[in-house]
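Residue-level structural notes
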Protein chains: 2
Amino acid sequence: VVEAYGQLAAEGWLLTRQGASTTVARLPTAGPPPPPAARGGEPAVDLRAGEPDPGGFPRGAWLAALRRVLATAPPEVLGYGDPRGRPELRAALAGYLTRARGVAADPGRIVVTSGFADGLARLAVVLRDQGVDTIAMEDPGQPLHRRIAAGEGLRVVPAQVDRDGVVVGELGQAGAALVTPAHQFPLGVPLAPARRTALLEWAARGGAIVVEDDYDGEFRYDRKPIGALQGLDPERVVYAGTASKTLAPATRLAWMVVPARLLEPLVEDRRHRVTTPALDQLVLAELLSSGAFDRHVRRMRSAYRRRRDALVAALAAEAPGHPVSGLAAGLHALVGLPRGVTEAAVAARAAEAGVALELLGPHWHGAPRHEGLLVGYGRPPAHAFRGALQALLAVLTGEKP
Amino acid sequence: VVEAYGQLAAEGWLLTRQGASTTVARLPTAGPPPPPAARGGEPAVDLRAGEPDPGGFPRGAWLAALRRVLATAPPEVLGYGDPRGRPELRAALAGYLTRARGVAADPGRIVVTSGFADGLARLAVVLRDQGVDTIAMEDPGQPLHRRIAAGEGLRVVPAQVDRDGVVVGELGQAGAALVTPAHQFPLGVPLAPARRTALLEWAARGGAIVVEDDYDGEFRYDRKPIGALQGLDPERVVYAGTASKTLAPATRLAWMVVPARLLEPLVEDRRHRVTTPALDQLVLAELLSSGAFDRHVRRMRSAYRRRRDALVAALAAEAPGHPVSGLAAGLHALVGLPRGVTEAAVAARAAEAGVALELLGPHWHGAPRHEGLLVGYGRPPAHAFRGALQALLAVLTGEKP
């Protein structure tokens, strides 16, 4: 199995991000491999998790918003700017986050970052400066986040996740906890109401900070999404959102709403690190204020919902040994394996068929407790989604597509 | 004097960046103060160094370039992207830097960063990981750069600057040196030919890295700018350029051309830190390829040259005790003080008149060796430049404007 993983990783088929070594700072990182090209140079099938359909990006609305920004913004916006981010964007975000996600969002408490990874890294530095030495993270969880926190000198400890979300008793004495309450990554479950309360009690008891990674909170398909945890206790919870799933990762636009005790240190830290271009910030502010952002999210939500429904229906009909678990939400589904089928075996078949998939394996901090596949249904172009689904079914059933 | 400085700093009139404490990591940073508002809420006169005229930003060309980018770029550009930066931009930069600055610029050796500060911070991390513990910086120099390097764990040592640029004998055993060969900041002198050779010999002897901060190399008014030092020894010199002076700081676009030994570590470090939005990178690539960037730089060079000439002429005629030194280059001039006049006295008068100026004082690592003023003639709006000059003259001569 190790050899098979190694070979597949060497060929770029698998994410080789290692979760086990989270205490070593600045590990060399592999990052997501490029999607494999199928034989004959045809475009490959890319079902990796974590990215939206780049073909859905609202190019026209973005250009129109920039045109309005350039026609009206005063020259001062072109300077180095406020380390918290443009006031126009923070005001627009405050309105949006309050309305759409139940966040207690004062514009003065918002810090704009260049993606969530940037925000998490700087938060780790500030927490460490405040005496925090350990951060608990969900197990399984995003290996990248473990690496970022460890790279800034925090010790990362695992906290098990069950069907009610993270097990609060496992957070122990950590000074901070990174959680995904709306849609646990990668298992897909929500944090149960009793757990939400217990988590906030844990934070209050230990004076700890909870970081709420609301990475895909806009995409819930069965009901209105549950409100942000942060709304219940804004002085203990950092709310973190991003445009990477709703618009595109390439926008490098994200935001954190932070407790008072973290605000000033974060702003000081960013004073010579302002990395988010002002025009992009003003474009997002314009999209939020004009309603274009909401219209875009509604359109994409409907498209991703249809994709998820199609995936669930196809698996139930053609590959019933592969149950889908987790909420009807987000851009990926956790797909189980039939008894006797391993991640490595599926990965080998996927590689042969030119289908890029992510395995559950690398998301565990240590030894995997169970196996599974992360199927990212957001990424294929709309016109190619049916074909991608067929290719996936062929991999899972061992048939030629 | 200390009390006067303190009061002026508290009111936001002075840059309070302290160069003396460069060995302490993560100092709280003040950053440039907001420009003072003159009495009655009128716009103040802003003659601080380091920023171009934001009114000169080519809004039309930027929008047109984005329109072309959005019309032609494939969907893939909207993903997380290459940690080195978009290939289109690196190719365009390689051509530009070779042609305009004499850089040995292979696209594969270019790393796009979110401003020079971002690049310097990550370079400091990589140098430290390679065993470098000390970086020499010019004295006087940019206090922010000392703070960034110290914040990432490097010891910063001063190297004196004379009329031929940095004194190479003062670089000692440092594993790296940050220099401004084209236009020393803040003194304004170029690095003399013999010193260029000596600096490269110093690097070769000690296996050290030279970081060439070419922050305003595009703006030379008396002759074609001297070529980059990096062109003479690309394996020992990191060339660093930026769009902050030619376009605007808000673009957050900068680049480094790096020696082989630093390339892979820098790329690995950036893999989860890709902070530069792809569309902005593609817009700059388009501006470079279409010639719009060159046209813009020519236009601004001519405008800044006229401003500098007017400043020099006005000082010679109205305030002959204030000699201008340094090259006819860049966006600021170093202005001397007559015998018996102190920086603190000028600062007090400037504050009273609503004129924001920078003093030479904070740019020294330790005790100032001499005093002076940095007059940034780039920043005022074109229509207000004459008035700004009059206000400056009034401050220097002690007359009412």
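Just above sits the structure.
Here's what I pulled together on the structure shown here. (Residues numbered from 1 in each chain as written. Chains lettered and ligands numbered in written order. Predicted model: local features only at pLDDT ≥ 70, side-chain atom pairs only at ≥ 80, totals over all residues. Heavy atoms only, no water.)

Considerations on unusual backbone geometry
Using the following cut-off: Counting from the N terminus, the helices are DSSP H or I runs at least four residues long and the strands are E runs at least two residues long.
Following Asp139 of chain A, the chain continues to Pro140 of chain A via a peptide bond in cis, the omega torsion being 5°. In this structure, Pro140 of chain A sits in the loop between β3 (134-139) and α5 (143-151). Note that the residue after Phe185 of chain B, namely Pro186 of chain B, is joined by a cis bond; omega there is 10°. Backbone geometry places Arg252 of chain A, a non-glycine residue, at a positive phi of 50°. Along the chain, Arg252 of chain A falls in the loop between β8 (237-242) and β9 (254-257).

Some thoughts on the relation of the copies chain A and chain B
Put simply, the rule is: Least squares is the method used to superpose the copies, on C-alpha atoms of residues holding a pLDDT of at least 70 in both. Two residues form a contact once any of their heavy atoms are found within 4.5 Å.
Placing chain A over chain B gives an RMSD of 0.0 Å and needs a rotation angle of 180°, together with 0.0 Å of translation along the axis. On this basis, the relationship between the two copies can be described by a two-fold rotation axis. Among all residues of chain A, the one whose C-alpha sits closest to the rotation axis is Thr275 of chain A, at a distance of 3.4 Å. Taken together, the interface assignments show that 100% of the residues at the interface of chain A recur at the interface of chain B, consistent with an identical surface on both copies.

Thoughts on the side chain of Asp269 of chain A
Mapped onto the elements, Asp269 of chain A comes out in helix α7 (residues 260-270). Residue contacts for Asp269 of chain A: discarding those within four places in its chain leaves Arg122, Val125 and Val126 of chain A.

Section: the pattern of salt bridges
Residue and element names in this part refer to chain A. Our working definition: Salt bridges are defined by distance alone: a side-chain nitrogen of Lys or Arg within 4 Å of a carboxyl oxygen of Asp or Glu. Think of it in three bands: with a 1.4 Å probe and only protein chains considered, a residue is buried below 20% of the maximum accessible area for its type, exposed above 50%, and partly exposed in between.
Across all of its chains, the model carries 38 salt bridges over all chains by this definition. A salt bridge links Arg101 to Asp214; the nearest nitrogen and oxygen atoms lie 2.7 Å apart. Placement of Arg101 in helix α3 (residues 87-101) and of Asp214 in the loop between β7 (209-213) and β8 is noted, with a sequence separation of 113 residues between them. Judged by its relative accessible area of 2%, Arg101 falls in the buried class. With its nearest N and O atoms 3.2 Å apart, the salt bridge here joins Glu268 to Arg271. Exposure remark for Glu268: the relative accessible area of 22% places this residue in the partly exposed category. On the accessibility criterion, Arg271 (30% relative accessible area) is partly exposed. Through salt bridges with shared partners, a single ionic network connects Asp46, Arg48, Glu51 and Arg379.

Some thoughts on the packing of helix α4 (residues 116-129) of chain A against α7 of chain A
All names here are of chain A. Our working definition: Simply put, an axis is a line fit to the C-alpha atoms, just over the touching stretch for a helix, and the angle between two N-to-C directions goes from 0 to 180 degrees. Orientation labels follow simple angle bins: below 35 degrees gives roughly parallel, above 145 gives roughly antiparallel, 65 to 115 gives roughly perpendicular, and whatever is left gives oblique. The sense of a crossing depends on the near helix, which, turned anticlockwise from the far helix by less than a right angle, makes the crossing left-handed and, turned clockwise, makes it right-handed. Throughout this entry, Asp, Glu, Lys and Arg are counted as charged residues, while Ala, Val, Leu, Ile, Met, Phe, Trp, Tyr, Cys and Pro are counted as nonpolar. The remaining residues, Gly among them, count as polar.
With their axes 10 Å apart at the nearest point, α4 and α7 run at an angle of 115° to one another. In terms of their interaxial angle, α4 and α7 are classed as roughly perpendicular. Judged by the sense of rotation from one axis to the other, the crossing of α4 with α7 is right-handed. Between α4 and α7, the residues in contact are Asp118, Arg122, Leu123, Val125, Val126 and Leu127 and Leu262, Pro265, Leu266, Asp269 and Arg270, respectively. For the contact of α4 with α7, the class distribution of residues is seven nonpolar, no polar and four charged.

So, the nonpolar core
As a rule of thumb, soluble globular proteins bury nonpolar side chains together. Just so we agree on the cut-off: We define a nonpolar core as any set of buried Ala, Val, Leu, Ile, Met, Phe, Trp, Tyr and Cys residues linked to one another through side-chain atoms lying within 4.5 Å.
Ranked by size, the top nonpolar core spans 144 residues in total, and within it Trp62, Leu97 and Leu357 of chain A together with Trp62, Leu97 and Leu357 of chain B carry the most contacts. The residues contacting Trp62 of chain B, other than those within four sequence positions of it, are Leu66, Leu70 and Leu279 of chain A together with Phe57, Leu247, Thr251, Leu253, Asp280, Val283 and Leu287 of chain B.

Quick word on the interface of chain A and chain B
This is how it is decided: As a working definition, buried area equals the accessible area (1.4 Å probe) given up by two parts on being put together, with both sides summed. Counted as a polar contact is a pair of N or O atoms within 3.5 Å, where, for protein atoms, one must be capable of donating a hydrogen and the other of accepting one, and residues adjacent in sequence contribute only when both atoms are in side chains.
Each side of the interface is counted separately: chain A has 53 residues, and chain B has 54 residues. Interface of chain A and chain B: buried area, both sides summed, is about 4300 Å²; carbon and sulfur atoms make up 59% of it. Ranking the residues of chain A by area buried against chain B places Arg59, Leu78 and Tyr80 of chain A at the top, with a combined share of 17%. In this assembly, chain A and chain B are joined by zero salt bridges. Applying the counting rule to chain A against chain B returns 12 residue pairs in polar contact (both at pLDDT 80 or more). Among the elements of the structure, α2 (59-72), α4, α5 and α8 (278-290) of chain A are those that each provide at least two residues to the side of chain A that touches chain B. A total of seven residues in the side of chain A that touches chain B trace back to one element, the largest contributor, which is α2 of chain A. A per-class count over the side of chain A that touches chain B returns 27 nonpolar, 11 polar and 15 charged.

Looking at the sheet that holds strand β7 (residues 209-213) of chain B
Residue and element names in this part refer to chain B. Keep this limit in mind: Only strands joined by at least two bridges in the DSSP assignment are considered to pair.
With mixed pairing, the eight strands of this open sheet are ordered in space as β2-β9-β8-β7-β6-β3-β4-β5. Looking along the sheet, the strands with just one partner apiece sit at the ends: β2 (110-113) and β5 (165-166). Here strand β8 (residues 237-242) runs beside strand β9 (residues 254-257); their pairing, made up of four bridges, is antiparallel. Bridging across to β9, Ala240 finds its partner in Met256. Strand contacts of helix α7 (residues 260-270): β2, β7, β8 and β9, with the helix running at about 35° to β2, the strand carrying the most contacts.

Here's the deal with the pairing of β8 of chain B
All names here are of chain B. Taking burial as the measure, the six residues of β8 include six buried ones, the bulk of the element. Residues of β8 alternate between two faces, with Val237, Tyr239 and Gly241 on one and Val238, Ala240 and Thr242 on the opposite face, all of them buried. As defined by bridge partners, β7 adjoins β8 across four bridges and the pair is classed as parallel. Of the residues in β8, the one forming a bridge with Val210 is Val237.

Some remarks on the sheet that holds strand β13 (residues 358-359) of chain B
Residues and elements named next belong to chain B. Spatially, the four strands line up as an open sheet ordered β10-β11-β14-β13, and their pairing is antiparallel. Every other strand in the sheet has two partners, leaving β10 (324-325) and β13 as the edge strands with one partner each. Relative to strand β11 (residues 332-335), β10 runs antiparallel, the two being bridged by two bridges. Directly across from Val324, in β11, lies its bridge partner Val335.

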